[in-house]
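# Residue-level structural notes
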Amino acid sequence: MRTWPYELKPLLVFWESTKACLLECTHCRAEAIKEPLPGELSTSQALGLIEDVAGFGRPSPIMVFTGGDLLMRSDIWDLLAHAKKLGVRTAVAPSVTPLLTTEAMDKFVELGVGGVSISIDSPYPEVHDKIRGIEGTWERSIWALRELLKRPLRVQVNTVVMKSTVDGLADMVKLLVDLGIPTWEVFYLIPVGRAGFAEDLTPGEWEDVSLFLYQASKYGVRIRTTEGPMFRRIALTATRLEEKGERIEDLVRPGPLYKRLMDRLVSLLGEPRGPPQAHTVGTMDGRGIVFISYNGTVYPSGFLPLPAGNVKVKSLREIYRETTLFRKLRSNLKGRCGRCEFKEICGGSRARAFAYTGNPLEEDPACPYEPGSWGVAL
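For the structure given in this document, a descriptive report is provided here. Since the model is a prediction, treat every value here as computed from it, not as a measurement. Each chain carries its own residue numbering, running from 1 in the direction its sequence is written. A pLDDT threshold of at least 70 governs which residues receive local features in this predicted model, and a stricter bar of 80 or more applies before side-chain atom pairs are shown or counted, although totals over entire chains, interfaces and linings include all residues. Note that the side-chain values use all heavy atoms of the structure and ignore hydrogens as well as water.

## Looking at the packing of helix α7 (residues 203-216) against helix α8 (residues 230-243)
Axis geometry follows a simple rule: fit a line to the C-alpha atoms, using only the stretch in contact for helices, then measure angles between N-to-C directions, giving values from 0 to 180 degrees. The secondary structure listing takes helices from DSSP runs of H or I that are at least 4 residues long and strands from runs of E that are at least 2 residues long, numbered from the N terminus. At a minimum axis separation of 9 Å, α7 and α8 run at an interaxial angle of 50 degrees. Looking at the two axes, α7 sits oblique to α8. Seen from above, α7 lies across α8 with right-handed handedness. Contact residues: Glu207, Ser210, Leu211, Leu213, Tyr214 and Gln215 in α7; Met230, Phe231, Arg233, Ile234, Ala235, Ala238, Thr239 and Glu242 in α8. Working definition: roughly parallel below 35 degrees, roughly antiparallel above 145 degrees, roughly perpendicular at 65 to 115 degrees, and oblique for all remaining angles. Less than a right angle of anticlockwise turn of the near helix away from the far helix marks a crossing as left-handed, whereas a clockwise turn marks it as right-handed. By the convention used here, residues are in contact when the closest approach between their heavy atoms is within 4.5 Å.

What follows is the structure, given as structure tokens:
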């Protein structure tokens, strides 16, 4: 695959189409509410945004319609139709509510939506429903996934890892394998919105999670992470070591969380049985990723609340290419992240650095790696 020109255009454009949502998730980044907020992009403004994304040229960025819940917008079908007409690649992240019907799924197909993501934060219904705030959401999510898999859509499951969900990761792998889910997007918690610092893991635990996810990718599920770029360091190094007949565990020295999760995974599915399917594309906040809020404000990501402009005033292309904030995020990293040999594929979470230090250019506090300490040739 040819190199994506990250300096010129994002790979992923996330649009928070609305704040409105019928769920009440405890860790919600958007702090969603029941009704749309004043200032939400109008239909004409939203159509203009789609045209702006098309203006990046082909292949277009993937425009991810998220929220809140995109199905709370009455004009959503018109917007998706416009994207299809302009050749803008689209994906959707609907909430699992009564609005997500089989008819809506068929409309996604009809309007050329490429991918659909459904959130399941735990393999245990009671844990997931407590997080989502509505009893029965887990069961309905499983139903939605089975229905979506019947259609020509790329289906993925999104899972937020935090203290209340981390112990279920091995059982999540089993659930995904049983359902036949091809892709798992794992979100490393960022303390933003309704998500608090108390749910965050320690750097050693995040290292264990990353190592576990690499091993889990050998069970036929493609795994990528959001705000967990250190996973790419683990995955790239592990792959190269295994090519030489060596083991990543001998280099990383995993902790008790990794051992606990792997023991559980092997008890459920046996030893890893295939090649790793770990996603290591080097996008990060502001470099390959851009987020547009419900009112048009542009951010480097949905988890980094530093505004860089507004699409009601400037084009998304101008904001992404020329804003000082975006330029700094691509080149001015500090501390260990700035001198790390893995910074091109990792770069650390800018959102987490900001959440903990107030400076998005600082090193990622969740990463324990000391640059150069592994001595692995890249």
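## Some remarks on empty space enclosed by the protein
Method remark: on a 1 Å grid restricted to protein atoms, a set of points is classed as a cavity if a 1.4 Å probe fits but cannot get out and as a pocket if it is open with protein on both sides within 12 Å along at least five of seven lines; lining residues have an atom within 4 Å of a point. Grid points are joined across faces, edges and corners, and a volume is the space filled by probe spheres set on the points. Under the defined criterion, the tally for this structure stands at one cavity of 30 Å³ or more. In this structure, the largest cavity occupies an estimated 110 Å³ of space. Around the largest cavity sit 13 residues that line it, and Arg336, Cys337, Cys340, Cys346 and Cys367 are the ones nearest its centre. Per-class residue counts for the lining of the largest cavity are seven nonpolar, two polar and four charged. Residues are grouped as follows: Ala, Val, Leu, Ile, Met, Phe, Trp, Tyr, Cys and Pro are nonpolar; Asp, Glu, Lys and Arg are charged; all remaining types, including Gly, are polar.

## Observations regarding the pattern of salt bridges
A pairing counts as a salt bridge when a side-chain nitrogen of Lys or Arg comes within 4 Å of a carboxyl oxygen of Asp or Glu. Across all of its chains, the model carries 22 salt bridges by this definition. One salt bridge in this structure joins Arg224 and Glu185, with 2.5 Å as the shortest N-O distance. Of the two residues, Arg224 sits in strand β7 (residues 222-226) while Glu185 sits in strand β6 (residues 183-188), which places them 39 residues apart along the sequence. Its salt-bridge partner being Glu249, residue Arg247 comes within 3.8 Å of it at the nearest N-O pair. Only protein chains enter the accessibility calculation, which uses a 1.4 Å probe. A residue is then buried if its area is under 20% of the maximum for its type, exposed if over 50%, and partly exposed in between. For Arg247, a relative accessible area of 46% gives the class partly exposed. The network of salt bridges with shared partners includes Asp106, Glu147, Lys150 and Arg151.

So, to be careful, I would describe these as geometric facts and stop short of saying anything about function.
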